[in-house]
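# Observations on the three-dimensional arrangement
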Amino acid sequence: MRLEVHLFVLIGLLLLMKPCCSPGAAAAYVNVILWFDTEDYLLPADDDAAKRLAEMLTARGIRATFKVVGEKARVLERRGRRDVIAALDKHAIGYHSNLHSVHPTPSEYLADCGWLDGVAEFVRREGGGAADVRRIFSVPALVCYGQPGSSWAPQAIGALKDIGIGTGGIPCYVDEGEHVGLDQKPFWYVGALNVYHMGENCTRMELHDPADLEPAKQRVSAIAERLGREEGGGMISIFYHPCEWVHREFWDAVNFSRGANPPREQWQVPPQRTPEETEAAFQRFGQYIDHIRSMHKVRFVTAGDLPEIYPDAVRNEGASEADLAAITARLLAGAGSGIDFQVLGHRAYSVADQFEVLTRAVATLSAGEKLKFPVQTKGLLGPDSSPPPPGQGTRLAWPAFRDTTRDALDFIETQRQVPSRVFAGADAVAPADFLIALAAAYDSYRSNARLPLGEGVTLGNKPEVLPERHIAADTPKLFGDWIIHKEGFRAPRILEQARLQAWTLKPALVRQ
Ligand SMILES: [Zn+2]
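Residues numbered from 1 in each chain as written. Predicted model: local features only at pLDDT ≥ 70, side-chain atom pairs only at ≥ 80, totals over all residues. Heavy atoms only, no water.

The subject of this paragraph is the coordination of the zinc ion. Distances from the zinc ion to its protein donors, E39 (OE), H96 (NE2) and H100 (NE2), fall within 2.0 to 2.1 Å. Summarised as a motif, the one-chain spacing of the donors to the zinc ion is E-x56-H-x3-H. Of the two residues, E39 sits in the loop between β1 (30-38) and α2 (45-59) while H96 sits in the loop between β3 (92-95) and α5 (106-110), which places them 57 residues apart along the sequence. Judged by relative accessible area, which is 2%, E39 ranks as buried. (Donors = N, O, S within 2.8 Å, 3.2 Å for Na, K, Ca; no water. Helix = DSSP H or I, 4+ residues; strand = E, 2+ residues; numbered from the N terminus. Buried < 20%, exposed > 50% of the residue type's maximum accessible area, 1.4 Å probe, protein only.)

Within the structure shown, the criterion is met by 43 salt bridges. The salt bridge involving R229 is made with E230; its shortest N-O contact spans 3.6 Å. For the pair formed by R229 and E230, the shared burial category is exposed. The salt bridge partner of D403 is R402, with a shortest N-O separation of 3.0 Å. Through salt bridges with shared partners, a single ionic network connects E71, R74, E77, R78, D132, R135 and R264. (Salt bridge = Lys/Arg side-chain N within 4 Å of Asp/Glu carboxyl O.)

Looking at the protein, the domain boundaries give domain 1 (24-310) and domain 2 (313-469). On a C-alpha basis, the centroid separation for the pair domain 1 and domain 2 is 38 Å. (Domains from an automatic or database assignment.)

Looking now at helix α6 (residues 115-136). Along an α-helix, residues three or four apart share an orientation, since each turn contains 3.6 residues. Here α6 spans 31 Å end to end across 22 residues, near enough to the 32 Å set by a 1.5 Å rise per residue. Looking one or two places after α6, you find S138, whose phi comes out positive at around 50 degrees. (Expected span 1.5 Å × (residues − 1).)

With that settled, the discussion passes to the confidence of the model for the protein. Averaged over the protein, the pLDDT score is 93; the fraction of residues at 70 or greater is 94%. Contacts of residues 1-24 to residues separated by more than four positions or lying in other chains number 22 contacts, the stretch itself having pLDDT below 50. (pLDDT = per-residue confidence, 0-100. Contact = heavy atoms within 4.5 Å.)

What follows concerns the nonpolar core. Among the nonpolar cores identified, the biggest contains 89 residues, and F137, W245 and F285 are the most heavily contacted of them. In terms of residues, this core owes the most to one element, α2, which gives seven residues. (Core = buried A, V, L, I, M, F, W, Y, C linked by side-chain atoms within 4.5 Å.)

Going through the model one piece at a time under the given rule, you end up with 23 aromatic pairs. On the basis of an interplanar angle of 55 degrees and a centroid distance of 5.4 Å, the ring pair of Y240 and W245 is categorised as tilted. Note on accessibility: Y240 and W245 belong to one class, buried. On the numbers, 5.0 Å between centres and 85 degrees between planes, the contact of W245 with F285 is edge-to-face. (Phe/Tyr/Trp six-rings, centres within 6.5 Å; stacked < 30°, edge-to-face > 60°.)

Here strand β2 (residues 65-68) shows no split at all, with T65 and K67 on one side and F66 and V68 on the other all buried. Pairing of β1 with β2, which is carried by four bridges, proceeds in the parallel orientation. Counterpart to T38 in the pairing with β2 is V68. Handedness of the β1-α2-β2 crossover: right-handed. (Pairing = 2+ DSSP bridges. Right-handed = clockwise from strand over helix to strand, strands pointing away.)

All right, on to the side chain of R347 then. Mapped onto the secondary structure, R347 falls in strand β12 (residues 347-349). Residue classification places R347 among the buried residues on the basis of a relative accessible area of 15%. Among the polar contacts made by the side chain of R347, one reaches the side chain of D323 at a distance of 2.5 Å. At a separation of 3.4 Å, a polar atom in the side chain of R347 contacts the side chain of H346. (Polar contact = N/O pair within 3.5 Å; in protein donor to acceptor, adjacent residues only side chain to side chain.)

What follows concerns the pairing of strand β8 (residues 234-240). Among the seven residues that make up β8, seven are buried, leaving the element largely enclosed by the rest of the structure. By the alternation rule, side chains of β8 split into G234, I236, I238 and Y240 and M235, S237 and F239, which are all buried. Of the strand pairs in this sheet, β1 and β8 are connected by seven bridges, and their pairing is parallel. Among the inter-strand pairings, V32 is bridged to a residue of β8, identified as I236.

What follows deals with the environment of Q184. Looking at where Q184 falls in the secondary structure, it is placed in the loop between β5 (172-174) and β6 (187-189). Note on Q184: relative accessible area 28%, which makes it partly exposed. In this structure the C-alpha to C-alpha distance between Q184 and T65, which are 119 residues apart in sequence, comes to 20 Å. The contact partners of Q184, leaving out residues within four places of it in the chain, are H197, M198, G199, E200 and N201. Within polar-contact distance, the side chain of Q184 engages the backbone nitrogen of E200 at 2.9 Å.

This paragraph deals with the packing of α2 against helix α10 (residues 275-294). Between α2 and α10, the shortest axis-to-axis distance is 11 Å and the interhelical angle comes to 30 degrees. On the basis of the axis angle, α2 is roughly parallel to α10. Judged by the twist between their axes, the crossing of α2 over α10 is right-handed. For the pair α2 and α10, the contacting residues are A49, R52, L53, M56 and L57 in the first and E279, F282, Q283, F285, G286 and I289 in the second. (Axes fitted to C-alpha atoms, helices over the stretch in contact; angles between N-to-C directions. Parallel < 35°, antiparallel > 145°, perpendicular 65-115°, else oblique. Left-handed = near helix turned anticlockwise from the far one by under 90°.)

Rendered as structure tokens:
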């Protein structure tokens, strides 16, 4: 063998040895999550495209995330494509709904639901497909879910823990859209780790435009450079659909556009690209991926790596005495304007987390027991209906407030959600208002070494729940821009539920 060949092999080995994911050093890296919505169950060429993508990435030592539609998994099984299943199984397997674009889609059937009925309906309609994907791909659990098109709803996220009872549920939500987002970075919402609305940190190369290869390389390099410089690391989201390599038009647009819902017998395969076009797109994609792989301090991660990279320190460690003091001080300082998630060191507290720790703390103290630190949290969902209108600054005597706090603790222990209202006798109090009162009571205990037994507490601060600002406004485009939904389709109740769940929103912080 000639020297150049030795060198070539050595360089190849070094590239393959590039670390994939060692979460301990996560902060130092720009992570690239590469995900494929694997959904076309009509055009058989899509099976081969998915297989080739999986294999070309495996050959490069890269693991991607394939979010598989239930019907796609069943079709692969029916067609005897064990080779495709085996190729994808080298990667992380997520879920992408049962039938994707057959009406009603998730946003359509959840449009008029409340919380619990919406969660139950999502589990009923999508749970079977998730079980099929798990069985056909022989995976114990699915790493993530993401919605078809713009068919998003918070009830879908709330249902993920219930999909596949006994498998630990689905911990992550990976997709792209604008319904909820937090500074173009991963975040916690409705108890799941979300990579969503990544904005400028979401990029791609136009597969079928040869002129886009070099600009696409520059775009991804610029993002990695910015994240490295400004944040010391971060997350880049890149997504494709295997069918994009082989079709001229999306399989579902051919059949289900603007509410069309032909019966199964009439489903049409989409028009296919020439083999030359498909081959050229694979070649360019290989070059694009090789460019990313060669970048310094950049590595590929899967949705399965996310819980390790972004642990929830509040859930794992609980709230320290110093944290509780800081939370209280900030709540009281901001009471006039609003309440927000709080980041203290490597711990991020959603408003729901703050509600939970303060309810536990004040209920414990008011029972005459010693408060032990750290205060543990189990995690709460947001309220499931709008709060009552704020009171007029009423003063509540201590015994009444104590009993209200005990009842609130019982509620969160039983329901695992922030109550939509707490009761002070016959009066319903908004949970945000009650949270400020809890903070005042705890602050009194800290300052005076006793609870405000003589003074009582004041209700009626009317604080705004500020994370609601991160929920999209209801526009005809938000759901209606997806060609599968009817033109101008709107789902205001979904956004109302989304705003209530803003109580659970907080940044996902990289493991230190
Ligand atoms: Zn899709």
